[in-house]
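Structure assessment
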Amino acid sequence: MIQVPMKTAGPLNKQTVLSINQKRIQGPKSSQDIFSINAGSAGNSYHSRPASAPRPAPSAAVPQNAAARPAAQRPIPSLLHPMRKGEKASLESNGALVKVKACLGWNVTNNACDVDVSAFLLNESGRVLGDAWFVFYGQEISPDGSTVFSADSDTDRETISIDFHKLNNKVHKIVFVLTIHEALEKRLNFSMLKDAYIRIIDQASGQELAGFQMDEYYSNVTSMMIGEIYRHKNIWKFNAIGNGVAKDLAGLCALYGVQVV
């Protein structure tokens, strides 16, 4: 069972789950095991926004052919170890990892796009360990206390911190996903984004271990698996994924083994 903040008092269904990116819920959510989107891939979250930083009211729906209205832009940090899409790299070249931070950012060309980060903690079969094993603005910490969400840092828009000493040993990969709130309802998509990136920072040294900036933005994509940290032969690595799907949050939950009723 998972507690997801939302305003509705009744159980969730496929329609009401769309509001998960906007509202806080008080009722539990149940799930059943289903196939993961990354099942069989090589090396192949979401946390509640703090009460002190509530989500802004969603913008009005924008017609597909309407002129873009740029939102506030942020400078993109220089990536010291840039990777190409599909490239994999070890994060432990200088010794075993203790704590890392996945820092994510983006800009939009349509300010109706409200983008969020989630992290799915997956087992060896590519499924979440349980309903509570994804971290996002509505659930800011994983059950083992290892993985924590933060919003609006000085440099990056949202971050996910990971403590490997606390991480459940059944977790074999952590996938970082970008989603657009109400993308299907408002006819929004990733062609309305730019500058999306992820960089992995060693918290002990503050040094960047890996970085990936997307250069492909498709109009048929509403959710993006931007990258993942995965364990291979007891070594933690990073995979620059950069692949998207035309699914909403409910669809992503189902693909990773979390389903609302």
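Structure report, in brief. Just so it is clear, the structure is predicted and the values come from calculations on it, not from any experiment. (Residues numbered from 1 in each chain as written. Predicted model: local features only at pLDDT ≥ 70, side-chain atom pairs only at ≥ 80, totals over all residues. Heavy atoms only, no water.)

Our next topic: the overall build of the chain. From N to C terminus, the chain includes 2 helices and 14 strands. Approximately 11,600 Å² of the chain is accessible, and the part contributed by carbon and sulfur atoms is 49%. (Helix = DSSP H or I, 4+ residues; strand = E, 2+ residues; numbered from the N terminus. Areas by Shrake-Rupley, 256 points an atom, 1.4 Å probe, with all protein chains shown as cover.)

Here we take up the sheet that holds strand 4 (residues 88–90). Read from one edge to the other, the open sheet built from 6 strands follows the order 4-14-13-10-6-7, with strand pairing classed as antiparallel. Unpaired on one side and paired on the other, strand 4 and strand 7 (134–135) mark the two borders of the sheet. Here strand 6 (residues 115–122) runs beside strand 10 (residues 173–180); their pairing, made up of 8 bridges, is antiparallel. From the neighbouring strand, Val 117 faces strand 10, where its bridge partner is Leu 178. (Pairing = 2+ DSSP bridges.)

Mapped onto the secondary structure, His 165 falls in the loop between strand 9 (158–163) and strand 10. Owing to a relative accessible area of 64%, His 165 belongs among the exposed residues under this scheme. Here the alpha-carbon distance between His 165 and Lys 99, two residues 66 residues apart in the chain, equals 7.9 Å. (Buried < 20%, exposed > 50% of the residue type's maximum accessible area, 1.4 Å probe, protein only.)

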